[in-house]
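Results of the structural survey
One letter stands for each residue in the lines below.
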Amino acid sequence: VAYVVRIYINNVGGLKDVGLFTAGFAIINTYVGMVFSAMASDYYPRLASVTTDNDKAKTIINEQSEIAILILSPILILFLVFIHWGVILLYSKDFVGVISMVHWSTLGIFFKALSWALAFVFIAKGVSKIYFWNEVLANVYMLILNVLGYFYFGLTGLGISFLIGYFLYFVQVFCICKKLYDFEFSRGLIKIFLIQFLLALISFIAVYCFNSYIAYSVGFIMIFLSSWFSWNELDQRLNIKLAIRNRFKKKL
């Protein structure tokens, strides 16, 4: 599907847009992907060890989803606010055309994080047919959305299609898990997601609708609030402050 999308962009818009498309998603997938990869090394074994107990699996999925949203949210809001300078530093001014696409895609990562944690259960339980057809269906509408998005809105449309596509994928995976394994999100996860997504949405609106002075002012506040909220919530779950104190005591 990724190959077909690039061919389509090349035929309709040209090789330059293919490069911009590739560069834009490389920014997101590189940094966000590192977080997913780091968490997967611990998450998958824990989930695989409780596959016969749906209640325990539900608890682990909710816990991992909470951690994913808490870690990713400040990074994503940072992307929303400072992606213009990030693109210039990582590439050059010639790549600023991807900024709008990255803005929309960044919101989509919130739904990707939730669906990522959920979809692991298919692999952990070894239900390969469900996993296969789940991914096939997702790639079909991802392809359609990408084609329509680029045709009507150019590179920005690809960001919008990413957001819509992962929202649909999130709904799809949730419905399958709900039906097969009686899965449901915890109140804690719902609260964390709504708060962090709201902060990201405010940043998105500020960047899109206001001048740079207001956008950066609002953005700084949202980054601070997101980071502060994530720190407190992570500390409650992981005892970060205690771990830091113990580390310093050992060094002393």
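As shown above, the structure is provided for reference.
Parameters at a glance
- Residues numbered from 1 in each chain as written.
- Predicted model: local features only at pLDDT ≥ 70, side-chain atom pairs only at ≥ 80, totals over all residues.
- Heavy atoms only, no water.
- Helix = DSSP H or I, 4+ residues; strand = E, 2+ residues; numbered from the N terminus.
- Buried < 20%, exposed > 50% of the residue type's maximum accessible area, 1.4 Å probe, protein only.
- Areas by Shrake-Rupley, 256 points an atom, 1.4 Å probe, with all protein chains shown as cover.
- Lys, Arg positive; Asp, Glu negative; His and termini not counted.
- Charge placed at Lys NZ, Arg CZ, Asp CG, Glu CD.
- Salt bridge = Lys/Arg side-chain N within 4 Å of Asp/Glu carboxyl O.
- Expected span 1.5 Å × (residues − 1).
- Contact = heavy atoms within 4.5 Å.
- Bend = angle between axes of the 7 residues up to and from the residue.
- Polar contact = N/O pair within 3.5 Å; in protein donor to acceptor, adjacent residues only side chain to side chain.
- Phe/Tyr/Trp six-rings, centres within 6.5 Å; stacked < 30°, edge-to-face > 60°.
- Lys NZ or Arg CZ within 6 Å of the ring centre and 35° of its normal.
- Axes fitted to C-alpha atoms, helices over the stretch in contact; angles between N-to-C directions.
- Parallel < 35°, antiparallel > 145°, perpendicular 65-115°, else oblique.
- Left-handed = near helix turned anticlockwise from the far one by under 90°.
- Nonpolar A, V, L, I, M, F, W, Y, C, P; charged D, E, K, R; others polar.

Description of the overall build of the chain
Looking only at helices and strands, one finds eight helices and zero strands in the chain. By its C-alpha atoms, the chain is 50 × 50 × 30 Å across when sized along the principal axes. Classification of the 252 residues of the chain by burial places 45% in the buried group. Of the accessible surface of the chain, which amounts to about 13300 Å², a share of 69% is contributed by carbon and sulfur atoms. Computed over 20 positive and 12 negative side-chain charges, the inter-centroid distance for the chain is 5 Å.

Regarding the pattern of salt bridges
All told, the structure shown has six salt bridges when counted by the stated rule. Its salt-bridge partner being Asp182, residue Lys178 comes within 4.0 Å of it at the nearest N-O pair. By relative accessible area, which is 36% here, Lys178 ends up partly exposed. Classification of Asp182 as partly exposed rests on a relative accessible area of 47%. A salt bridge links Arg237 to Glu233; the shortest N-O distance between them is 2.7 Å. Of this pair, Arg237 and Glu233 both sit in helix H7 (residues 212–238), four residues apart, roughly one helical turn. Owing to a relative accessible area of 31%, Arg237 belongs among the partly exposed residues under this scheme. Through salt bridges with shared partners, a single ionic network connects Glu66, Lys191, Glu233 and Arg237.

Some words on unusual backbone geometry
The phi angle of most residues is negative, glycine excepted, and most peptide bonds adopt the trans form. For Asp182, which is not a glycine, the phi torsion comes out positive at approximately 55°. Residue placement: Asp182 occurs in the loop between helix H5 (128–181) and helix H6 (187–209).

Regarding H6
For H6, with 23 residues, the first-to-last C-alpha span of 32 Å sits near the 33 Å given by 1.5 Å per residue. Buried residues of H6: Leu189, Ile192, Phe193, Gln196, Phe197, Leu199, Ala200, Ser203, Phe204 and Ala206, and no others. Looking at the buried residues of H6, the elements they touch are helix H3 (54–90), helix H4 (99–125) and H7.

Observations regarding H3
Here H3 is 37 residues long, yet its end C-alpha atoms lie only 44 Å apart, well below the 54 Å a rise of 1.5 Å per residue gives. At Phe82, H3 is deflected by roughly 80°, the largest bend along its length. In this structure Asp53 caps H3, since a side-chain oxygen of it lies 3.1 Å from the backbone nitrogen of Asp55.

Topic: the packing of aromatic side chains
According to the stated counting rule, one finds 32 aromatic pairs in the structure shown. When the centroid spacing of 5.8 Å and the interplanar angle of 25° are considered together, the rings of Phe170 and Phe185 count as stacked. Here Phe170 is found in helix H5, whereas its partner Phe185 is found in the loop between H5 and H6, with 15 residues between them in sequence. Like Phe185, Phe170 is buried. Measuring from ring centre to ring centre gives 5.2 Å for Phe174 and Phe185, while their planes differ by 15°; the resulting arrangement is stacked. Of this pair, Phe174 sits in helix H5 while Phe185 sits in the loop between H5 and H6, and the two are eleven residues apart along the sequence. Note on Phe174: relative accessible area 23%, which makes it partly exposed. Its guanidinium or amino end placed over the ring of Tyr181, Lys125 lies 4.7 Å from that ring's centre, counting from NZ or CZ.

Notes on the packing of helix H2 (residues 15–48) against H3
At a closest axis distance of 9 Å, the pairing of H2 and H3 adopts a crossing angle of 165°. With respect to H3, the axis of H2 lies roughly antiparallel. Crossing of H2 against H3: the hand is right-handed. A class-by-class count of the residues in the contact of H2 with H3 yields 22 nonpolar, one polar and two charged.

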